[in-house]
Amino acid sequence: VQEFGKVSEHLRGLDKDVTGLQMTMRRQEEFLQSDQLRAHITQVCTTMLEAYVAKKDMLVEAARCSDHCVAPVRDAVGSLLQRFESSMTRLAGVDATLRDEISSAQEKTAALNKDFNERFRSIVDEVQLRSTVDALNTVDTFAKNSFS
């Protein structure tokens, strides 16, 4: 149960991390679609054209800038993926352990149930035997008292 609590708390932490990363990605997407980025790219392109930069070089620079903008998100997603995979591996082990423990508990319960049923039948048989003996003793006592 403690392990489950730790796992649950760890998963809640991962959920917070995912939410934070989603917000970061949303901000990055907004930035990538913003007029500020367009203005920045336009300025970079204008500057490059003023220096007679080849279109190929200009595209390389734009790609580098774009890559630089999304690198933190890419790194965070990679880190999150590693943590997720690690958690999944650990949780798979916990799951297997729980399955084994449940199976063992079921086997013990079945054995206890069988033992209980055998004892119960034995007690019922003993009660019936005592009841029969008591009834015979009562009849015997009655017969002795009645015929004496």
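Procedures and definitions
Residues numbered from 1 in each chain as written. Predicted model: local features only at pLDDT ≥ 70, side-chain atom pairs only at ≥ 80, totals over all residues. Heavy atoms only, no water. Helix = DSSP H or I, 4+ residues; strand = E, 2+ residues; numbered from the N terminus. Rg over C-alpha atoms; globule rule 2.2 N^0.38 Å. Contact = heavy atoms within 4.5 Å. Areas by Shrake-Rupley, 256 points an atom, 1.4 Å probe, with all protein chains shown as cover. Lys, Arg positive; Asp, Glu negative; His and termini not counted. Charge placed at Lys NZ, Arg CZ, Asp CG, Glu CD. Axes fitted to C-alpha atoms, helices over the stretch in contact; angles between N-to-C directions. Parallel < 35°, antiparallel > 145°, perpendicular 65-115°, else oblique. Left-handed = near helix turned anticlockwise from the far one by under 90°. Nonpolar A, V, L, I, M, F, W, Y, C, P; charged D, E, K, R; others polar. Salt bridge = Lys/Arg side-chain N within 4 Å of Asp/Glu carboxyl O. Buried < 20%, exposed > 50% of the residue type's maximum accessible area, 1.4 Å probe, protein only.

Novice: Is there a simple way to think about the overall build of the protein chain in this case?
Specialist: Scanning the protein chain for helices and strands turns up three helices and zero strands. Reading the secondary structure of the protein chain in the N-to-C direction produces α-α-α. Its C-alpha atoms give the protein chain a radius of gyration of 40 Å, clearly above 15 Å, the size a compact globule of 148 residues would have. Here the C-alpha coordinates of the protein chain stretch approximately 140 × 25 × 20 Å along the principal axes. Taking all contacts inside the protein chain whose residues are at least 6 apart in sequence as the whole, residues at least 24 apart take part in 77%. As displayed, the protein chain offers around 12,300 Å² of accessible surface, 60% of which is attributable to carbon and sulfur atoms. If the 19 positive side-chain charges of the protein chain are averaged to one point and the 23 negative ones to another, these points end up 1 Å apart.

Novice: Could you clarify how one ought to interpret the packing of helix α1 (residues 2-32) against helix α3 (residues 55-147) in this entry?
Specialist: Packed helix pairs are characterised by how far apart their axes lie and by the angle those axes make with each other. Between α1 and α3, whose axes approach to 10 Å, the crossing angle comes to 160 degrees. One finds that α1 runs roughly antiparallel with respect to α3. Taken as a pair, α1 and α3 cross one another with a handedness that is left-handed. In terms of residue class, the contact of α1 with α3 is built from 16 nonpolar, four polar and four charged.

Novice: Would you mind going over the pattern of salt bridges with me for this structure?
Specialist: Side chains that differ in sign of charge can pair as their charged atoms come close. Per the counting criterion, the structure on display carries nine salt bridges. In this structure, the salt-bridge partner of arginine 130 is glutamate 126, at a minimum N-O distance of 2.6 Å. Taken together, the positions of arginine 130 and glutamate 126, both in helix α3 and four residues apart, correspond to about one turn of that helix. Classification of glutamate 126 by relative accessible area gives partly exposed; the value is 39%.

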